[in-house]
Amino acid sequence: MPDVFDTFEPAIRARPQVNPWDADSGAYVADYDLLATLLGIPVGDGSGSESGRLAKAIDAWTAYELRRAGFPPDEVWPRLTRPRVLPRELGIFIDRLPRPLQMAARDQLLRNKTVAPSDARVLGRAYVKQVDVLISQWSRGPELLVSTKSMVSSFRNNLPNRFEESYGDAKNLRGRYPMAAMGFLFVLRSTVLDEPGTFEKALDMLRKLRVESDVYDATSIVLAEWDDDDFSGVSIRTDAVPADLSADRFIATLIEAVLDRTPIEMHVEVRGRREHRQLPLEEDSDFFLLE
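Being a predicted model, the structure only gives us computed values, none of them experimental. (Residues numbered from 1 in each chain as written. Predicted model: local features only at pLDDT ≥ 70, side-chain atom pairs only at ≥ 80, totals over all residues. Heavy atoms only, no water.)

**Here's the deal with the overall build of the chain**
Step number 1: From N to C terminus, the chain includes 9 helices and 8 strands.
Step number 2: For 291 residues, the compact-globule formula gives about 19 Å, and the C-alpha radius of gyration of the chain, at 19 Å, lands near that figure.
Step number 3: Within the chain, buried positions represent 49% of all 291 residues.
Step number 4: Considering only residue pairs separated by 6 or more positions, the chain has 69% of its internal contacts joining residues 24 or more positions apart.
Step number 5: Charge-centre separation for the chain: the mean point of 37 positive side chains lies 4 Å from the mean point of 47 negative side chains. (Helix = DSSP H or I, 4+ residues; strand = E, 2+ residues; numbered from the N terminus. Rg over C-alpha atoms; globule rule 2.2 N^0.38 Å. Buried < 20%, exposed > 50% of the residue type's maximum accessible area, 1.4 Å probe, protein only. Contact = heavy atoms within 4.5 Å. Lys, Arg positive; Asp, Glu negative; His and termini not counted. Charge placed at Lys NZ, Arg CZ, Asp CG, Glu CD.)

So, in structure tokens, the structure goes:
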């Protein structure tokens, strides 16, 4: 059965496969054009943040950026195709089945929400938490956890609640996964700039969320702009966001945290793309699989 992510898939597949790391500066260059396109789908349909479609667009874009960086498709959830959550090892098992059985196995997976759910849920220190974007595999557990939030109105009233929620969620997850890279991505409509002082409070909130070592490794704010009366698409206001809270810096910091906390023979493709070279290493990820 189709889900909301299906509406984003054509736009994602249409993007050229370009290394996101700039060869000259070494900086990560996020695909803001795709983000604007994905956000424009629910906004153009009149779906506000309450519908959940705007949030799913952000999740789809974040997962796309991680795959673009070189992380394997089955390890980044939500996946581009259904089921959105599929253990990598189960995907390997299906791929090794005789071809006539592969389609039948995938059809069964789509019917079994226990094995292949639509959302990723992980146990933290105190409670189970739905994680918006996740990198994980069986032998390593969660390696990257991203929480995404959006807000298109009532900024001044809702900011304190977002701060409390995000802080508590980080403490809960960090308590069980101290080595995981953790990030918080906050998308605001650019009309927040019309409320004097509110945007500055949001920036301060995001910076405070990464001060403590047991909260987030990286935080980011994205400003999305559009006209309700004469909608012609969404644009991303990168000019108004400080460099330390940009999505480029956010994604780069999370990727570097994952690479710093794993041996060099893990995530070889990611390391190679960042360094713009073919590393003389074989990916050490199948040692636990029985032949």
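**Notes on empty space enclosed by the protein**
Step number 1: Scanning all chains against the criterion turns up 5 cavities of 30 Å³ or more.
Step number 2: The calculated volume of the largest cavity comes to roughly 90 Å³.
Step number 3: In terms of lining, the largest cavity is formed by 14 residues, of which the most central are Pro78, Asp119, Ala120, Val131 and Asp132.
Step number 4: Within the residue set of the lining of the largest cavity, elements represented by two or more residues are helix 3 (53-68), strand 3 (128-131) and strand 4 (133-137).
Step number 5: Of the residues in the lining of the largest cavity, the class split is 8 nonpolar, 2 polar and 4 charged.
Step number 6: The wall of the second largest cavity is formed by 13 residues, among which Val131, Leu145, Val146, Ser147 and Leu173 lie closest to the centre.
Step number 7: For the lining of the second largest cavity, the per-class residue count stands at 7 nonpolar, 3 polar and 3 charged. (1 Å grid on protein atoms, 1.4 Å probe; cavity = no way out; pocket = protein on both sides within 12 Å on 5 of 7 lines; lining within 4 Å. Points joined across faces, edges and corners; volume = space filled by probe spheres on them. Nonpolar A, V, L, I, M, F, W, Y, C, P; charged D, E, K, R; others polar.)

**Some thoughts on the pattern of salt bridges**
It is possible for side chains bearing opposite charge to pair when their charged atoms get close.
Step number 1: Within this structure, the stated rule accounts for 29 salt bridges.
Step number 2: Here Glu143 makes a salt bridge to Arg140, at a shortest N to O gap of 3.5 Å. The burial state of Glu143 is the same as that of Arg140; both residues are buried.
Step number 3: One salt bridge connects Asp228 with Arg189, and the closest N-O pair in it is separated by 3.0 Å. Linking Asp228 in the loop between strand 7 (218-225) and strand 8 (235-236) with Arg189 in strand 6 (residues 181-189), this pair joins segments that are 39 residues apart in sequence.
Step number 4: What emerges from the salt-bridge pattern is a single network uniting Asp3, Asp6, Arg82 and Arg84. (Salt bridge = Lys/Arg side-chain N within 4 Å of Asp/Glu carboxyl O.)

**A look at the side chain of Asp59**
Step number 1: Among the structural elements, Asp59 can be located in helix 3.
Step number 2: Buried charge without a salt bridge: Asp59, with Lys56 as the nearest opposite-charge side chain at an N-O distance of 4.7 Å.
Step number 3: If we ignore the near neighbours within four places in the chain, the residues touching Asp59 are Phe5, Pro78, Asp132, Val133 and Thr148.

**A short note on the packing of helix 4 (residues 88-95) against helix 5 (residues 99-111)**
Step number 1: For the pair helix 4 and helix 5, interaxial distance at closest approach is 9 Å and the crossing angle is 150°. Taken together, the axes of helix 4 and helix 5 lie roughly antiparallel to each other. Across from Leu90, Ile94 and Asp95 in helix 4, the residues of helix 5 making contact are Gln102, Ala105, Arg106 and Leu109. (Axes fitted to C-alpha atoms, helices over the stretch in contact; angles between N-to-C directions. Parallel < 35°, antiparallel > 145°, perpendicular 65-115°, else oblique.)

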